[in-house]
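Observations on the three-dimensional arrangement
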Amino acid sequence: MNTYTRSVSYPEFNLAELGKPIIEAPDNPLNYKAVLQAGREAIHRVFETGAPAHDLLTLQTELTDFILTTWWQNADLNSSGYALVAVGGYGRGELHPSSDIDICIVIENRAEVETDEALAQWITSLWDLGLDIGHSVRTPADCEVEAASDITVITTLMESRLLCGEASLYEQMQDAIAPNNIWPSSAFYDAKMKEQRSRRTRFLTNAYLLEPNIKESTGGLRDIQMISWVCQRQFGTNDLRDLVSHELLTAEEFSLLWDGLELLWRIRYLLHHITRRREDRLLFDHQREISKAFGFVDEGNNQCIEDLMQRYYRTVMQLQRLNDILLQGVGGVISGVTAASPIEKINARFQVRNGFLEVTHEHVFRDYHPALLEIFIIFGNTPSAKTIRSNTIRLIRANLPLINHRFRTDPKVRAMFLQIFANPTKLTRKIRMMNRYGVLAAYIPAFDEIVGRMQYDLFHVYTVDEHTTRVIRNARRFAIKRHEQELPHCSYVMTRVDKPELLYLIGLFHDIAKGRGGDHSELGAVDMHDFARAHQLSEEDVSLCTWVVRQHLLMSTVAQRKDITDPSVQLEFAREVGSLRRLHYLYLLTVADIRATNPELWNSFKQTLLQSLYTACTKILKRGLQRALDDAAVINARQSHALALLDANGVQREGISNLWATFRSDYFRHSQSIEIARQTEALLNHKSSCTTLVSTRHSVSRGATEILIYTQDSPVLFAVITRAIEQLNLEVMYAKLSTTRDDHALDTFYVLESDGSVDNSAERSAIIRTAITSQLSEPPDLHEITAGRLSRQARHFDIEVEVEFDNESSNRGTEVYISAADRPGILSTIARIFVDSKLSVNSAKITTLGERIEDVFTLTLEHGGKLINEEDQERLAKRLRDEL
C-alpha cells in the first residue's frame, strides 16, 4: 500500500533547479551525490516551515526516483527489456533521509542478464551515488518462488512501484505474487499475526521501553504497516484512505491513525537528520534535541523530554488500539465469521459470539450509561469471553463523553466500579482494557494525567499507567494458586489479607499523583481518601487505604537505607506501621510495586530483605508495641538461638565462649542468629588467628552470596575488599564490618552477580576466595583506584552528588547518605576517599536505582567517635562531590 503521492510542492524544494548538475553532466557520479545532499538540505528547509512529515517522505522519494531513473537512463538500460522496480519502504514512498533504498530489477531471462556487463556495472556503481541500496535481480518466476517461501519477500514485493523500464515485466511480477497464486489472504494474515506477536515480544525488553524503536516497538510504524499489508492482501486496497471506504475504519479513527503516523514519521525524520544515519531508536542521546524541535520547553527539570515521551506513548497506545481493532475485524472477515454464528446471550445488552463479547445493538451505551462499566464486569464473569469485539470497542470510545460528573456520582455506577475489583477474575485484562479504551481516565480524571507519562531515568522503565497496571497484576498473582511458587511468602501473606480488592485499589492510586508536582504520596493519599469516601468504604477501610498510599515508600526506604537486623530499627518501623493489617497491605504493595518498576532490578536479596523486615515487624506487633523487647533482650535471644544451632552441630561450648569474648556487642546487634552460628563455626574450624580466612556460602536468609573475611584489621581493608569484589564483577548489596577486641576484622559482604543472580558453584566460590585472599596479601595502590566512565545512557542524566550526615539514627557512628551517578568502580572509589579522610566504615548498604546509587555508610573517626565537626563533614562532602 503506497503512501507516496507527487502532489506536494514547496518553493524550498525545486527539483528542476536542484537537478541541473545531473542534467548537465549525467555521466559524473559526483554530481548525483551533490544533488542528493542538496536535495536533503532543501527537504530540511521544508521541514523547518512546519510541513507535514508525509510531504517530507514524498519529497525524499521524488528526489531518489529522479536520481535512480536518470542514472538508469544514462546507462542506456531503458531499452534493455528490464524493469526497475522500487520495493518495500521505497516502494510505498516512505523514505527518510537515511532509509534503505530497496529495488528489484525484474528480468525476462536469467541467462541473458548474466552476460550483461552494463547492468552489472550499473548495480556496482550505485554505491558511488551515496545511496544505501539493497537490490535483487529476479525473473517473475523467481519472484514467485522466493515470495512463496518467505513472508518477508512477499511483503516487500507487494509494496512496489515501477520506476522505469519494461512495464509488461512488472505486470508479470505482480500477477506472479497475486493472492490467487501464492499467499492467499488467510495464510498471509496468520503468518503476519505470528510475526507481529514475535516482534512485540522481542521489543518489550527494558532497553526498548526506555528508548523505544519508532519502527518496531508496539504501536510503532510496523503496527500501521501491518494494517496496510493485511488489508491490501484481502481487499486490494492501495491507500490508507481506502480503509474508510471499506468501512474498516471510521473517519475519526482514520484521523487518529494519520495523526499518529505524522508524529512517528516526524520523530523518525529527526532521528535520521540528527544522526546522519538510519537510526530508529529514540535514544536518550536524542530525546532532548527532538523535544525542543517539537517546541517543548526545557525548564531545567527534563520536563520537555517527559512531555515529548508522554505524547509519544499516548500516540502509540492509540495506534496499538487501532491495530488491534482493524486486525480483529479483518481476521473476522477472512475467517468467515458471520451474524449466523452461535450466540451466547448474557443479558439484554451483551452477548458472546465466537469468544468475542459484544453489544446486542449499537445504542446500548446511549440507552444505559452504566453499561460502560458493566461490560467489564460481564467480561470478568464470563469464561467464554476471550476479548471484546472491535465494533463494541468503537462504541465504548464513541460514548466516553457519557462518563461525566453525573455518571461518576451515580451510586449504581460507583458500586459497579468496586465490583470490577471485588471480582478478581481477569482483573489485569479488565484494568488494561479500561485503560486502553479510555474508561479509567474518564472515570478517574486524575488518572488521565499519568497515561503515557514516563519518568526520565533508568529506574522506571514503564509509563506510570502501565506500571500501575503491572502493580495490580503482581498483587493479583499473589492470590492465584498456580503462581504461589513465584513468591511463596507473599502468597502466604495474601491469605491473611481480609479484602484483596482494597489492595488492588491501593495499587491503582499509589502513583496517581506522579508528575503533578509536590509529594506524590501525599497528593495520592488525598485522592485515595476522596475516592474511598465517595464510594462508601467503611471508615476503617478508608483509613487503611489512605495510610498505605501515603506510606507506600516507607518499607522500601527502611529496607534500603537502614540495618533491619538492628532491634531499634525494627521497633521504630513497627511503631510507624502500628497494626498487622496495615503491615500485610504495605508489604504486598511494596513487593508488587518494586517488581513493576523495573523487573531487572528485582533480585533475591531485595526479596529476603523485605521478607525479613516483615517477619521482624510481625513478631513485635504480635507481642505488642508496649511489650516490645529491649536491645539487650533481643541480643540475648539471638545468642541463645545461635547456641542451640551450634549445640546441634556438636560445637563445644568452651570454644564458643572464648571466641565470643572477642566479639563486641555490635556484632550481635547487627547479625541474625543463623549468621552468628554459621560464622562462629567457620572461625572455630579455621583455628589460626594468624592467617586470613575467606569463606563463601549461599545465604538463603539474605538471598545472596555471603563472603566472610577474618583478618588482621587495617584502615584500608574495606577499600581493598571492595576493589577485589568489583574486579570479580560482583555487586555488593550489604556489608557488615566488625572489629574484634583482639584487633581482627570480622567483615561480611553479601553480593550478587552483575546480572542479579546467585552463583553457588564450587568453581565460582573458589575464584572469589582466591581473588580476595590474593588482594589481601598484596594490597593494591589505593591511589590507582578511580571510578570508571559513565555509561552511554547515564551520561544524559544530570545527577548531582548529594551527601547527607545523620548523627542521630545510629549509635555505631555517623550515617552518611551518598547519592550519585552509578559507574564502574564507584564503591571502591568511595572507600578510598574514606581511607584518605581517616574514617572507618562500620557498615554499608548499597542500592542502585537505574542510573543512580543511593548508598548508606556508617562511619567513625580513626580512633572512634562520630563525625560531628561540621567543617570535617563539609570537607568530606566536597571530596566526594569532586571525585564522583
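In what follows, the accompanying structure is described. Since the model is a prediction, treat every value here as computed from it, not as a measurement. (Residues numbered from 1 in each chain as written. Predicted model: local features only at pLDDT ≥ 70, side-chain atom pairs only at ≥ 80, totals over all residues. Heavy atoms only, no water.)

Moving on, we get to the sheet that holds strand β5 (residues 343–345). Spatial strand order, β5-β6-β7-β8: four strands in an open sheet with mixed pairing. Strands with a single pairing partner mark the edges of an open sheet, and in this sheet they are β5 and β8 (387–388). Of the pairings in the sheet, the one linking β5 to strand β6 (residues 350–353) comprises three bridges and is antiparallel in character. The residue of β6 that forms the bridge with E344 is V352. (Pairing = 2+ DSSP bridges. Helix = DSSP H or I, 4+ residues; strand = E, 2+ residues; numbered from the N terminus.)

One can describe the packing of helix α9 (residues 151–158) onto helix α13 (residues 221–235) by two numbers: an axis separation of 11 Å at closest approach and a directional angle of 80 degrees. Between α9 and α13, the crossing angle belongs to the class labelled roughly perpendicular. In contact with I154, T155 and M158 of α9, α13 contributes W229, Q232 and R233. Residue classes in the contact of α9 with α13 are distributed as three nonpolar, two polar and one charged. (Axes fitted to C-alpha atoms, helices over the stretch in contact; angles between N-to-C directions. Parallel < 35°, antiparallel > 145°, perpendicular 65-115°, else oblique. Contact = heavy atoms within 4.5 Å. Nonpolar A, V, L, I, M, F, W, Y, C, P; charged D, E, K, R; others polar.)

Another point: the pattern of salt bridges. Under the criterion given, the structure shown has 54 salt bridges. A salt bridge links R852 to E854; the shortest N-O distance between them is 2.8 Å. Overall, R852 belongs to the partly exposed group, its relative accessible area being 22%. Under the relative-accessibility criterion, E854 is labelled partly exposed at 27%. A salt bridge links R879 to E883, with the nearest nitrogen and oxygen atoms 2.7 Å apart. On the criterion of helical spacing, the pair formed by R879 and E883 is a turn pair, its members being four residues apart in helix α42 (residues 870–883). Assessed through its relative accessible area of 29%, E883 is described here as partly exposed. A cluster of three or more residues bridged by salt bridges with shared partners is formed by R199, R200, D223, D324 and R436. (Salt bridge = Lys/Arg side-chain N within 4 Å of Asp/Glu carboxyl O. Buried < 20%, exposed > 50% of the residue type's maximum accessible area, 1.4 Å probe, protein only.)

Attention now goes to the packing of α13 against helix α17 (residues 303–335). Running from N to C, α13 and α17 point in directions that differ by 20 degrees, and their axes come no closer than 9 Å. Between α13 and α17, the angle falls in the class roughly parallel. In the packing of α13 onto α17, the handedness of the crossing is left-handed. Contact residues: α13 offers D223, I224, M226, I227, V230, C231, Q234 and F235, while α17 offers L319, Q320, L322, N323, L326, L327, V330, V333 and I334. Counted by class, the contact of α13 with α17 contains 13 nonpolar, three polar and one charged residues. (Left-handed = near helix turned anticlockwise from the far one by under 90°.)

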